[in-house]
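The residues making up each chain are set out below.
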Amino acid sequence: MSQPNKRSSSFTTPPPSPLSRSMKKAKSQAAATDEINNNNNKNGQQQQQHHKFESTDDRCVSMIQDSGGGVTSNLSRKKATLPQPPKKQLVIKLLKAKPTLPTNFEENTWAILKSAISAIFLKQPDPCDLEKLYQAVNDLCLHKMGGSLYRRIEKECEAHIVAVLQSLVGQSEDLVVFLSLVERCWQDFCDQMLMIRSIALYLDRTYVKQTPNGHSLWDMGLQLFRKHLCPASEVEHKIVFGLLRMIESERLGEAVDRTLLNHLLKMFTALGIYAESFEKPFVERTSEFYAAEGVKYMQQSDVPDYLKHVEVRLHEEHDRCLHYLDASTRKPLIATAERQLLERHISAILDKGFMMLMDGKRIEDLRRMYSLFPRVEALESLKQTLSSYIRRNGQSIVHDDEKDKDMVSSLLEFKSSVDTIWEESFSKNEAFGSTIKDAFGHLINVCENRPAELIAKFLDEKLRAGNKGTTEEELEGILDKVLVLFRFIQGKDVFEAFYKKDLAKRLLLGKSASIDAEKSMISKLKTECGSQFTNKLEGMFKDIELSKEINESFKQSSQARKKLPTGIEMSVHVLTTGYWPTYPPMDVRLPHELNIYQDIFKEFYLSKYSGRRLMWQNSLGHCVLKAEFPKGKKELAVSLFQAVVLMLFNDAEKLSFQDILEATRIEDKELRRTLQSLACGKVRVLQKIPKGRDVEDDDIFVFNDQFTTPLYRIKVNAIQMKETVEENTNTTERVFQDRQYQVDAAIVRIMKTRKVLSHTLLITELFQQLKFPIKPADLKKRIESLIEREYLERDKNNPQVYNYLA
């Protein structure tokens, strides 16, 4: 394009960019073409010349010059567009003649490849270059001869495999040597197939992938090996038999070549015959081996050693799975060993060794048993055996009447032993914990009320003063342990009755080892059973505290300062009848000084608390007497009855049993026990004539002026302070009486709600509501009692149905 005359245009443009220059010719051609087209389409119009100028900005200046020589300028602002390159057409020219393959191309090329394959199988060097071999395969594939090549290679491999397997027939009788030969053949085969596959890689990537259901050269080689190994039963069976023999030798403690086993079993896996040809007979052989071994070891060894052997065997089998067996074999193999070594012998293991392990506190062996039994789902059997063991051994403790004194201690020791085993051997398994609780619950209540009574007495022994060598922490620990047994007691009212009776003696006689320990025990019982259970026990402590205040107030009163006889000090406990045990009143003729003291205190108390009634419980009193013996002065700690008897000897040297009975008016049996404690015990303040352990009606008692005990303060044990059969019977009867009231209340409560109820359903609901054991016959008696008192009536149509009478 030519530049316009400068004189006819005042517009200039910057030089074109490199891109514009490079496309200048193409643009000119395009513009010229457009112009020709326009001239053809517009007849009669004046020919115009269209000039374009390109610049680096987006401005385009167009100048049109007509044929008359006039110049018209037009400036327009628009987007610059790059010119489109001309379209090029690709023209393919066919050759005049089709190229032809050389004569015998396929045969000659295959001959080269066959020579190389034969050299590989024969382990000989091949003179042909590998690159030439690759190119030969490529050429055959490119000329659509891949299928033929694949079949030729397959035929060569098959011939070689047949020859190799045939060469193994009749080889060495030594199984290890034979298996080594098989391993070498397999390794050679794998190496050879990998080499052939690498040469014919292009065949794998083209023909095989394009062929439906086609197999790679490697898979083809495995199929051929499997195809000719299975018919060669002699070889296959000999391999399997050799493998089984090697594994059995290893189980018997011999060293074997694990690498050889690993390679041969991987061969079976690669060929796809592992499960059927090896795993199935292997598991069967394992079952036979451990079945025989389990029976043998159970007869020859004890349970701990047998469990150790089982643990070792299972670990060995797991180790085999890691080193040379296929992973799929682990589950059936371990299951077979567990079934033959454990499951078949569970009963024998438990019957033969569980009690021995429990008695010997064999923590480690029991832990091993607990870890092995879940493998064969035998934990339920272990739980049942544990429950039977606890019940059987516990009953020997509970039913031994000769060891009642040690029953609670033995139970605590037994419970502690079982708990330790539960924690350390049974991993605090909740199901086992529930089994232990149920077994001990049955054990504690198998004798109904006796364990409850003995637990209360055990606590009395521990909370009494004189438990030397027991720290407060140890005492607190003992209380916690006893509380565990207390939780199992169904008849807690029996425990409460005996505990309250013993607590009363400890508080009244000042025999508590620690008031803090006493209150701690009450707090524990309150937490377990609620405030209603401990209401009376707490009231007893309140009475003791209040009595101290009353005594202090009495000593400061005018009655005490003016009227009390000299030489006597007395402390009085004022007890609330509802809180304390019921004590039978015992008459006694007190010395004149004591009667005066009681009358003065009674006057003071009633003046302070009007409307109340005092009743003296002489059987609970205790005194300290100052006595003068020829050998020196002594202080005697005695009961009130003992003090009354001894004070008679201030005015007489010799008294008969009848004289003492008339003077004191103490009940006959109580007086005999009192005289027996003074004249027949370890501390003999009196002498009995004639000598003997029992007190008879015609016995004579004399003051012992030869009393020579070196101690100054002497405790004379009072027999009446010890529990007697009568006291036990009375306490039990009071419990039963209270239970009758509870049963009656429960029956009325149920019938008031239900109105009409059959005998069976009523008994069932009573068992659910009552918190103590009771016999159906006793319940029937209470129902009959309520019918007689017209709380209930029998239905007229059915005597087994009761109606509530509002």
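Just above, that's the structure.
Note that the structure is predicted; figures quoted are calculated from it, not measured.

**Q** Looking at this model, I keep getting lost on the sheet that holds strand 3 (residues 622-629). Mind explaining?
**A** Paired through their backbone hydrogen bonds, the strands of a sheet run either parallel or antiparallel. Strand order in the open sheet made by the three strands is 3-4-8, with mixed pairing throughout. Pairing within the sheet leaves two strands with one partner each, and these edge strands are strand 3 and strand 8 (713-715). The mean inter-strand angle of the sheet, taken between neighbouring strand axes irrespective of direction, is 25°.

**Q** Is there a simple way to explain a negative patch on the surface in this structure?
**A** Together, E472, E473, E474 and D516 give the surface a local cluster of negative charge. In this fold, E474 is placed in helix 20 (residues 472-488).

**Q** Please explain the nonpolar core as it appears in this structure.
**A** It is characteristic of soluble globular proteins that their nonpolar side chains tend to be buried jointly. Core analysis: the biggest nonpolar cluster contains 80 residues, and M369, F495 and Y499 have the highest contact counts within it. When residues in this core are grouped by element, the largest group, eight residues, is from helix 21 (residues 492-508). Excluding its chain neighbours within four sequence positions, the residues that come into contact with Y499 are A456, L459, L463, R506, E518, M521, I522, L525 and L537.

**Q** Teacher, can you tell me more about the packing of helix 5 (residues 146-168) against helix 7 (residues 201-210) here?
**A** The axes of two packed helices give the description: the angle between them and the distance between them. At a minimum axis separation of 10 Å, helix 5 and helix 7 run at an interaxial angle of 115°. Here helix 5 runs over helix 7; the crossing is left-handed. Residues G146, G147, L149, Y150, R151 and I153 of helix 5 touch helix 7, and the partners they reach there are L203, Y207 and V208. Among the residues forming the contact of helix 5 with helix 7, the class breakdown is six nonpolar, two polar and one charged.

**Q** Would you mind going over the sheet that holds strand 9 (residues 756-758) with me for this structure?
**A** An order of 9-11-10 is seen for the three strands of this open sheet, with the pairing classed as antiparallel. Either end of the sheet is taken by a strand with one partner, and the two such strands are strand 9 and strand 10 (792-794). Between one strand and the next, the sheet's axes are offset by a mean angle of 30°, whatever the strand orientation. Pairing of strand 9 with strand 11 (residues 801-804), which is carried by three bridges, proceeds in the antiparallel orientation. Opposite V756, over in strand 11, you have N803 as the bridge partner. Of the strands in this sheet, strand 10 and strand 11 touch helix 31 (residues 776-788), which is tilted by about 100° from strand 10.

**Q** Help me understand helix 13 (residues 330-341), please; the structure alone is not making it clear to me.
**A** For an α-helix the count is 3.6 residues per turn, leaving residues at separations of three or four pointing the same way. The terminal C-alpha atoms of helix 13, which comprises 12 residues, lie 16 Å apart, in line with the 16 Å expected from a rise of 1.5 Å per residue. Taken together, the buried positions of helix 13 are occupied by L333, I334, T336, A337, E338, Q340 and L341. In the core, the buried residues of helix 13 are packed alongside helix 9 (233-251), helix 11 (274-300) and helix 12 (303-323).

**Q** How should the environment of S639 be read in this particular structure?
**A** Inspection of the secondary structure puts S639 in strand 4 (residues 632-639). You can call S639 buried: its relative accessible area is 3%. C-alpha separation for the pair S639 and L625, spaced 14 residues apart in sequence, amounts to 10.0 Å.

**Q** Sorry if this is basic, but what is going on with the pairing of strand 11 here?
**A** The side chains of a regular strand alternate between the sheet's two faces. Here strand 11 shows a buried face lined by V801 and N803 and a second buried face lined by Y802 and Y804. From the end of strand 10 to the start of strand 11, which pair antiparallel, there are six residues.

Rules used throughout
Residues numbered from 1 in each chain as written. Predicted model: local features only at pLDDT ≥ 70, side-chain atom pairs only at ≥ 80, totals over all residues. Heavy atoms only, no water. Pairing = 2+ DSSP bridges. Helix = DSSP H or I, 4+ residues; strand = E, 2+ residues; numbered from the N terminus. Axes fitted to C-alpha atoms, helices over the stretch in contact; angles between N-to-C directions. Patch = residues over 30% accessible without salt bridge, like charges linked within 9 Å, V, L, I, M, F, W, Y side chains within 5 Å. Areas by Shrake-Rupley, 256 points an atom, 1.4 Å probe, with all protein chains shown as cover. Salt bridge = Lys/Arg side-chain N within 4 Å of Asp/Glu carboxyl O. Lys, Arg positive; Asp, Glu negative; His and termini not counted. Charge placed at Lys NZ, Arg CZ, Asp CG, Glu CD. Core = buried A, V, L, I, M, F, W, Y, C linked by side-chain atoms within 4.5 Å. Buried < 20%, exposed > 50% of the residue type's maximum accessible area, 1.4 Å probe, protein only. Contact = heavy atoms within 4.5 Å. Left-handed = near helix turned anticlockwise from the far one by under 90°. Nonpolar A, V, L, I, M, F, W, Y, C, P; charged D, E, K, R; others polar. Expected span 1.5 Å × (residues − 1).

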